[in-house]
Amino acid sequence: MSKNYYEVLGIDKKASKDEIKKAFRKLAHQYHPDKNSGSTDKFKEASEAYAVLSDDKKRAEYDTYGRVFSEGGGQGGPGPQGFDFGGFDFSSMGAEFQDFDLGDIFGQFFGGGARTSARQKRGSDISIDVEISFSESVFGADRKVIITKTSLCDECKGNGAEPGTELKTCPTCNGKGKIHETKSSFLGTFTTVRACATCNGLGKVPTQKCKKCRGTGTLRKQEEISIKIPSGINDGEMIRLTGAGEAIIGGVSGDLYIKVHVKKHPQFRKDGFNIASDLSIKLSTALLGGEYSLETLDGPITLKIPQGITHGEILRVKSKGVPIDKGKRGDLLVKIHIQLPAKLSKNAQKMVEELKKEGI
């Protein structure tokens, strides 16, 4: 039975694109293979579901037919372009057939020829956590972190050769960087391409290996990474730095994922692009009006309390909230709480009795 991509991401079928993205980010962080509690299968399953549901065309096809036709092979179908193998069990063909890439076989029959392109290698992703203050989450911040990862050797710049020495043509692949392999099966002859293991797909090998990295082109070392935290970021959100993950020779570096944790503020909290706060005032101020000194993230301000304000009423201070764009900001929302005295003096009690007579 085909997978239900909505159930995989734990979302409703009417979920918006933002809800789909948030659900995937949560699962990607939870099941990332680099984490101790990660799961390669769960991560791939979530990635597959996100790839379909985040694309309007693929999602429409999936919602209508339960599979996707846009990628040739389709999702949830028995074979490429709806081709049905009639329940044939390929495992009975033995290890020789199972070594073949079904993508190559399908390409031969449905794509008009054998596959000749090799997939580019990619380094592993890295995931870290960063804690910031409430003020930094509102206005943004620049952070620097030191992480230990596999990076290109700064001595040989990743080519594995001792500085000042030359590179020679790889004898294994004759400088092509790729190895073509031809295999035969009952379906015919198929050609696959993979990166040359001798030169890591570079086509060149050093005549003299770099002493610092011993010819590998990479080193395990500490590296300082600069992180620009955008304004308005929320607790638990992820920042992705493309290419800041583990380096790999003959391929592209992985990515660095930063999960942001925002410290709780004793006075303020976010409400979209607005900042919310509470203010307790005296009963006399509520009746007569007055002014209060109020601390904001921009510094102290004087807040005018209108006469006759009610408990729970919200006062809006313009442009003291979260930056939006082009100089615009949200507002500061101050919720009023009226303090009632627990006890009254005799004099105060007499005055309240007079107010009562006035109908107040």
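Computed from a prediction, not measured in an experiment: that's the story for all the values here.

Visitor: Explain the sheet that holds strand 2 (residues 126–132) to me, please; I cannot follow it from the model alone.
Guide: Pairing between sheet strands relies on hydrogen bonds along the backbone, with the strands arranged either parallel or antiparallel. Spatial ordering of the open sheet is given by 2-11-9, a layout of three strands whose pairing is mixed. Looking at which strands have only one partner, the edges of the open sheet turn out to be strand 2 and strand 9 (238–241). On average, each strand axis in the sheet is tilted by 25 degrees relative to the strand beside it, whichever way the strands run. Relative to strand 11 (residues 256–262), strand 2 is paired through seven bridges, and the arrangement is parallel. Bridge assignment links Glu-131 to a residue of strand 11, and that residue is His-261.

Visitor: Quick question: what am I supposed to make of the pairing of strand 17 (residues 332–339) here?
Guide: Within a regular strand, side chains alternate between the sheet's two faces. In this sheet, strand 17 lies alongside strand 13 (residues 274–282) in parallel orientation, the contact comprising eight bridges. Within strand 17, the position partnered with Asp-278 by the bridge is Lys-335. Alignment of strand 16 (residues 314–317) against strand 17, held across four bridges, turns out to be antiparallel. Bridging from a neighbouring strand, Val-317 pairs with Leu-332 of strand 17.

Visitor: I keep staring at the side chain of Ser-151 and nothing clicks. Help me out?
Guide: Within the element layout of this structure, Ser-151 appears in strand 3 (residues 141–152). For Ser-151, the side chain forms a polar contact with the side chain of Glu-223, separated by 2.7 Å. Excluding its chain neighbours within four sequence positions, the residues that come into contact with Ser-151 are Gly-217, Thr-218, Leu-219, Lys-221, Glu-223 and Ala-247.

Visitor: Hey, could you run me through the side chain of Arg-59 in this one?
Guide: As for its placement among the helices and strands, Arg-59 is situated in helix 4 (residues 56–65). Within the structure, the side chain of Arg-59 is placed 2.9 Å from the backbone oxygen of Ala-15, a separation counted as a polar contact. Setting aside residues up to four positions removed in sequence, Arg-59 forms contacts with Tyr-6, Lys-13, Lys-14, Ala-15, Ile-20, Val-52 and Leu-53.

Visitor: Would you take a moment to explain unusual backbone geometry for this structure?
Guide: Trans is the common state for peptide bonds, and a negative phi is the common state for residues other than glycine. Phi is positive for Lys-157, close to 60 degrees, though the residue is something other than glycine. For Lys-157, the position within the fold is in the loop between strand 3 and strand 4 (167–169). Phi is positive for Asn-200, close to 60 degrees, though the residue is something other than glycine. Tracing the backbone shows Asn-200 in the loop between strand 6 (188–195) and strand 7 (204–206). On the basis of relative accessible area, Asn-200 is assigned to the partly exposed category, the value being 27%.

Visitor: Sorry, what's going on with the sheet that holds strand 13 here?
Guide: Pairing is mixed across the open sheet formed by four strands, whose spatial order is 12-13-17-16. Each of the sheet's edge strands pairs with one partner strand only, and the pair in question is strand 12 (269–271) and strand 16. Taken pair by pair, the neighbouring strands of this sheet meet at an average axis angle of 40 degrees, ignoring direction.

Visitor: Would you explain the pattern of salt bridges in this entry?
Guide: Between side chains of opposite charge, a pair can form as their charged atoms come close. If you walk through the whole model with that rule in mind, you get 15 salt bridges. Of the charged contacts in the structure, one is a salt bridge between Lys-17 and Asp-56, with a shortest N-O distance of 3.3 Å. Of this pair, Lys-17 sits in helix 2 (residues 17–31) while Asp-56 sits in helix 4, and the two are 39 residues apart along the sequence. Across the pair Arg-194 and Glu-181 runs a salt bridge, and its minimum N-O distance is 3.0 Å. With Arg-194 in strand 6 and Glu-181 in strand 5 (residues 178–185), the pair connects residues that are 13 residues apart, well separated along the chain. A relative accessible area of 37% places Arg-194 in the partly exposed class. Here Glu-181 falls in the partly exposed class, since its relative accessible area comes to 27%.

Visitor: Just checking my understanding: could you explain a nonpolar patch on the surface for this structure?
Guide: A cluster of nonpolar side chains, Leu-283, Leu-287, Leu-288, Leu-340, Leu-344, Val-352, Leu-355 and Ile-360, forms an exposed patch at the surface whose accessible area comes to about 760 Å². Contributions of two or more residues to the nonpolar patch are made by helix 8 (283–288) and helix 9 (346–357). Top contributing element to the nonpolar patch by residue count: helix 8, with three residues. Summarising the element assignment, Val-352 is placed in helix 9.

Visitor: Help me understand the environment of Ile-11 in this model?
Guide: Summarising the element assignment, Ile-11 is placed in the loop between helix 1 (5–9) and helix 2. Residues in contact with Ile-11, not counting those within four places in the same chain, are Tyr-6, Glu-19, Ile-20, Ala-23 and Leu-53.

Visitor: Looking at this structure, how should I read the packing of helix 3 (residues 40–53) against helix 4?
Guide: Helices that pack against each other are described as a pair by the angle of their axes relative to one another and the distance between those axes. Where helix 3 contacts helix 4, the two axes come as close as 6 Å, and the packing angle between them is 100 degrees. With respect to each other, helix 3 and helix 4 are oriented roughly perpendicular. For the pair helix 3 and helix 4, the contacting residues are Ala-51, Val-52 and Leu-53 in the first and Lys-58, Arg-59 and Tyr-62 in the second. Looking at side-chain class alone, the contact of helix 3 with helix 4 contains four nonpolar, no polar and two charged residues.

Analysis parameters
Residues numbered from 1 in each chain as written. Predicted model: local features only at pLDDT ≥ 70, side-chain atom pairs only at ≥ 80, totals over all residues. Heavy atoms only, no water. Pairing = 2+ DSSP bridges. Helix = DSSP H or I, 4+ residues; strand = E, 2+ residues; numbered from the N terminus. Axes fitted to C-alpha atoms, helices over the stretch in contact; angles between N-to-C directions. Polar contact = N/O pair within 3.5 Å; in protein donor to acceptor, adjacent residues only side chain to side chain. Contact = heavy atoms within 4.5 Å. Buried < 20%, exposed > 50% of the residue type's maximum accessible area, 1.4 Å probe, protein only. Salt bridge = Lys/Arg side-chain N within 4 Å of Asp/Glu carboxyl O. Patch = residues over 30% accessible without salt bridge, like charges linked within 9 Å, V, L, I, M, F, W, Y side chains within 5 Å. Areas by Shrake-Rupley, 256 points an atom, 1.4 Å probe, with all protein chains shown as cover. Parallel < 35°, antiparallel > 145°, perpendicular 65-115°, else oblique. Nonpolar A, V, L, I, M, F, W, Y, C, P; charged D, E, K, R; others polar.

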